[in-house]
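Inside the fold
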Amino acid sequence: MPEVKNENIIIVKNLIKRVNINNGHLEILKSISFNVKRGETIAIVGASGSGKSTLLGLLAGLDSPTQGEIYLDGAPLHQLDEEQRTALRSQKVGFIFQSFLLLPSLTALENIMLPAQLAGIDNAEQLAQQLIEKVGLSERFDHYPNQLSGGEQQRVAIARAFITKPKILFADEPTGNLDSGNGDKIAQLMFDLNREHHTTLVLVTHDLQLANHCQHVLTMAAGLIIEHVAEYSDVV
Amino acid sequence: MWFKPANSMLRQQVKRGELTIFILAIILAVSSVFSLSGFGERLNQALVQKSNDFLAADRILSSAHPLPKALLQQSSEFQLQQAHYLSFNSVIFSDDEMVLTNTKAITGPYPLRGQLKISHQPLTAAPTDSQGDVTIGPPPRGEIWLAPELLVKLGISLGAKVAIGEQDFMVSGIITLEPDGSFNLFNLAPRVMINGEDVAATQVIQPGSRLSYSYLFSGEETQLQQFHQAIKPQLQSNQNWQDINNERSPIAGALARANRFLLLASLLGVILGATAIFVTASRFSQQQLDTVALLKTFGTNDRTIQKIFVWQLGTLITSGIIAGLIVGYGLQQGAFALVQHYLPDSIPQHLPAISAKAIIISVATGLICAVMFSLSPLVTLFKVPVMRVIKRDLAPSQFKGWLNGCIFGSAIFSLLYFYSRDLKLSAIILVVATLVSLTLAAMAALFIRLSRGKSFSAASPWRLAIASLNQRAVQSSMQIASIATAIMLMLIILLLRNEVIDEWQQQIPQGTANHFLANVTPEQVPEINHLMAQHQIVSSDLYPIIRGRVSAINQEKIGEYDSEANNDSDKKREGRRGFGRELSLTWRDSLPPKNPLVAGQWWQADDKEHLVSIEDGVAERLSIKLGDQLEILIGQEVISARVSSIRKVNWRSMSPNFFLIFNRAALGDMPSTFISSFYLPSDRHPLLDQLLRNYPTLSIIKIDRIIKKLRSIIDQVSLALTYIMLLVICASVLVLLVQVQASYQQRHQDLVILRTLGASKKLLKRAIAYEFLIIGGLAGFIATFTTEVALWLIQSYVIEMTWQPHPMLWIFATVAGALFVSIIGTRACKPLTELTPNQLIRNLS
């Protein structure tokens, strides 16, 4: 499938993000450009305050840029209003957060079903059951988040991220709240599912070891990409 | 050492607006108590004073004998104003006619309250009470003032000469308005006024004459009470100290209810304020958990931590109380300015200096609320484990539910008692409050069980709403509880207000009899009935009146109870005393309207046995049971009758009422006159003159003034209630906001997740609206239940009204509760739903 590989699923051109602070404004992202091809895995690394989480937010359509263009699977994110971006997220995007962000009012299974239901998928429950089995929690489907350990909660979050078969998965420090043993398992699970679903993965992390599992590593500092290491030579 | 960080922490919290509602709640509690204690007291004063017009004084000491001079002189020591009059029945003569009158011989500045109007010109037309000049004091010696009908009966006009006993008088005025105009149906002689110093010259006062001395007093309430205490030991059993409240009059009843009602309503406002304080205090301590855990980690000892937070709370409470007093003063001023034209002139038109009592009550309310209700959250806060810095979800061990309940309950009870000084009322409210919490706990548990098993679909805002309620099951039920309390209080006040006013208005609906007709002879009955029909005048039946006294109960002579040698208990003697006096008796074939039977049965018109129906109060006082035999002395004749029924009598109704009603067999043959009541609009008053001219022996008693006054009291009370309603609504909104604020953090996190996962704004807004709809609807529904219970208790035991169910209320309260809560709730959550996902995430972290 080389032609698929060559297609850019994320295109970022001259992206700038400014925020107003007190009397002046702060440029968090300073003219960022890069592309990501379909099915690739890419890690964004950098020190705290380098702008990596802001970049992730913009790529996922959680926020809008001050200037520049972002295309997500062909859709011009920078031209969409908030509701359109929300609709796009429910169709094409999955998320994994450092703090899991499960809804405490829902059971594990219900949490997994949630995005599918929001996207209007009919067999949400069936899909959720398949996924909960894959992440090894089928025995605990009716447990509430506060009855699960951190590692288990993140497994639920991973299953939830894949239920809509998203084209792109955004993960923000997915192992940040876990011990190394659990972190490794979670990372493994995430990459396995990613491969299985042919999902494009955008991962933000401090953890260079985790980043090195990805095909590309973008290093950020002070709102700029200062290094781009690619496993394949055909990446720009 | 601890002061600086405590101060800066507090300043930060105040700046972020986190404590605004806590302070607002204290301000609300303090300002409502403060403004009510001023405004309510003043309104009450106005009510009492208006009503005192009916006595022509603040207090009356009535006596069958003249009072000793020394006793009267004491009144000046208490700076009381004083006047008195002697009243007696006497015959007045003109050249051709003579009429039995009731003479009032006045000494001093009568009336002390209300208005006496005397016209020195012939009357032009009805209504009469708009004519004449306001007058204080008796007529000059040798002059006499007459009731208008006397001029007709005697066939004279102003300037004519009349005689009472041995003394001639010149008719110099017509009495058009008499503040304490006799409302005694059975003292039907028209009024005459002369100067007290002319009494001796008439020589009508002989040993054995029936005289009534009335000593009128007015002045400061406290001084009146002190004076009463001072003379009490010297009073004889036939001397009676009266104020408007121990009068058996519609006004007294209305007044007593109005008072209780105002008190109740303001109490409820305070409870709401207290609820808001409790919730905000809990939230405050919840927010401080991390800070306390962190302080403990740094090695700060418990004492210092306690100092920091006690100081912080103390500062908040103090500033809340001070602000509350200022706001309350403003409210009081504003409310007073609004109602000023309703108040009688005798109430000072400017507000007096703030009374120390009002300040003490308000500050104490603020303190009790704030201290008692923040106690358990604060103690919980101090118990937070240090490990929380590492494991964020570690919470301090909570107070036991029952302990919390006890603290809350005793705080509410002490507030209630402190404010009302009425154990029964306080207990009723507390019972209802407990009932509400228990009902709510049960409902919440049921609700959680019902909704858990349901399959979940996030696509539906209803499901999201239910899940959200479920997630915060405990909080949700607390939320429902306090909102239900707020709704309940609003409903109670609204319904009671309407019902109190309704009942009053039913008592005096449009067309209520405003005249009594008396002294109708049996021969006149058909003619008068015909006349009434001809002029389409609505009137009660004509009741025969026979004067008689009860001489024995079951052959036991009543008179004996008054003898000193009697060994019966004081209570029994007290009860029977006075019943041996002459009473107005009547007979009827049918049960009069508004006289429900409580025991026995009404007789058949053709019953041959002598039967009597007795009023329930008298029956109880005299221990008279069904089947007892009463002996009645009428003139020289003794009639014996068996008690066949016991009736309730609404003494406040404007129609003829009787202690004893006999059947036709018992009294049908007795000579009698008849009385009736009827309604005549003021523009048809000339008809009265015609009636009097045609039937000069008739007596007509006007009671429109009483009715007018009742209406004005009702208006004033409605006004006060509207004010209190506004306060309670403010308090309810505050409680709701507090509750929404308390769930803010959790909501925030949910919104972040849902927004990120692609839930549309519309879906989330709807889910929030539905959640509040459910909370409000459920709260409204439960509130209706508890309101019905509370109303039943209050109406049965506190204000003595008949309770009725309100079927429409269930629907109304549920819908209104749902709408009210969802509007306020969605409005309060708007900032959250308007944020972009990224802002949400940032705020969350």
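Relevant structure appears above.
Just so it is clear, the structure is predicted and the values come from calculations on it, not from any experiment. (Residues numbered from 1 in each chain as written. Chains lettered and ligands numbered in written order. Predicted model: local features only at pLDDT ≥ 70, side-chain atom pairs only at ≥ 80, totals over all residues. Heavy atoms only, no water.)

So, about the overall build of chain A. Within chain A, the regular secondary structure consists of 8 helices and 10 strands. When burial is assessed residue by residue, chain A has 55% of its 236 residues classed as buried. For chain A, restricting intrachain contacts to residue pairs at least 6 apart in sequence, the fraction spanning at least 24 positions comes to 68%. (Helix = DSSP H or I, 4+ residues; strand = E, 2+ residues; numbered from the N terminus. Buried < 20%, exposed > 50% of the residue type's maximum accessible area, 1.4 Å probe, protein only. Contact = heavy atoms within 4.5 Å.)

Here we come to the packing of aromatic side chains. Any pair of aromatic rings gets described here by the distance separating the centres and the angle formed by the planes. Residues and elements named next belong to chain B. Going through the model one piece at a time under the given rule, you end up with 10 aromatic pairs over all chains. Feature note: the residues Phe 78, Phe 217, Phe 227 and Trp 241 constitute an aromatic cluster, connected by ring pairs. In this arrangement the basic side chain of Lys 104 is found over the ring face of Tyr 85, its NZ or CZ atom lying 4.5 Å from the centre. (Phe/Tyr/Trp six-rings, centres within 6.5 Å; stacked < 30°, edge-to-face > 60°. Lys NZ or Arg CZ within 6 Å of the ring centre and 35° of its normal.)

In this section: helix α6 (residues 150–162) of chain A. A rise of 1.5 Å per residue sets the reference length of α6 of chain A, with its 13 residues, at 18 Å; its end C-alpha atoms lie 19 Å apart and thus fit the reference within 8%. Burial of α6 of chain A is extensive: 11 of the 13 residues sit out of reach of the surface. Among the residues making up α6 of chain A, those that are buried are Gly 151, Glu 152, Gln 153, Gln 154, Val 156, Ala 157, Ile 158, Ala 159, Arg 160, Ala 161 and Phe 162 of chain A. Those residues of α6 of chain A hidden inside the fold are in contact with β6 (93–96), α4 (108–118), α5 (124–134), β7 (168–172) and α7 (180–197) of chain A together with α21 (744–756) of chain B. (Expected span 1.5 Å × (residues − 1).)

Residues and elements named next belong to chain A. Scanning all chains against the criterion turns up 19 salt bridges over all chains. With a shortest N-O distance of 2.9 Å, Arg 18 and Glu 27 are connected by a salt bridge. What makes Arg 18 partly exposed here is its relative accessible area of 29%. Its relative accessible area of 30% is what places Glu 27 among the partly exposed residues. The salt bridge partner of Arg 140 is Glu 152, with a shortest N-O separation of 2.6 Å. (Salt bridge = Lys/Arg side-chain N within 4 Å of Asp/Glu carboxyl O.)

Attention now moves to the side chain of Thr 787 of chain B. Take Thr 787 of chain B: it is sitting in helix α22 (residues 761–798). Once residues lying within four places of it in the same chain are set aside, the contact partners of Thr 787 of chain B are Met 488, Leu 491, Ile 492 and Leu 495 of chain B.

On their own, these measurements won't tell you what the molecule is for.
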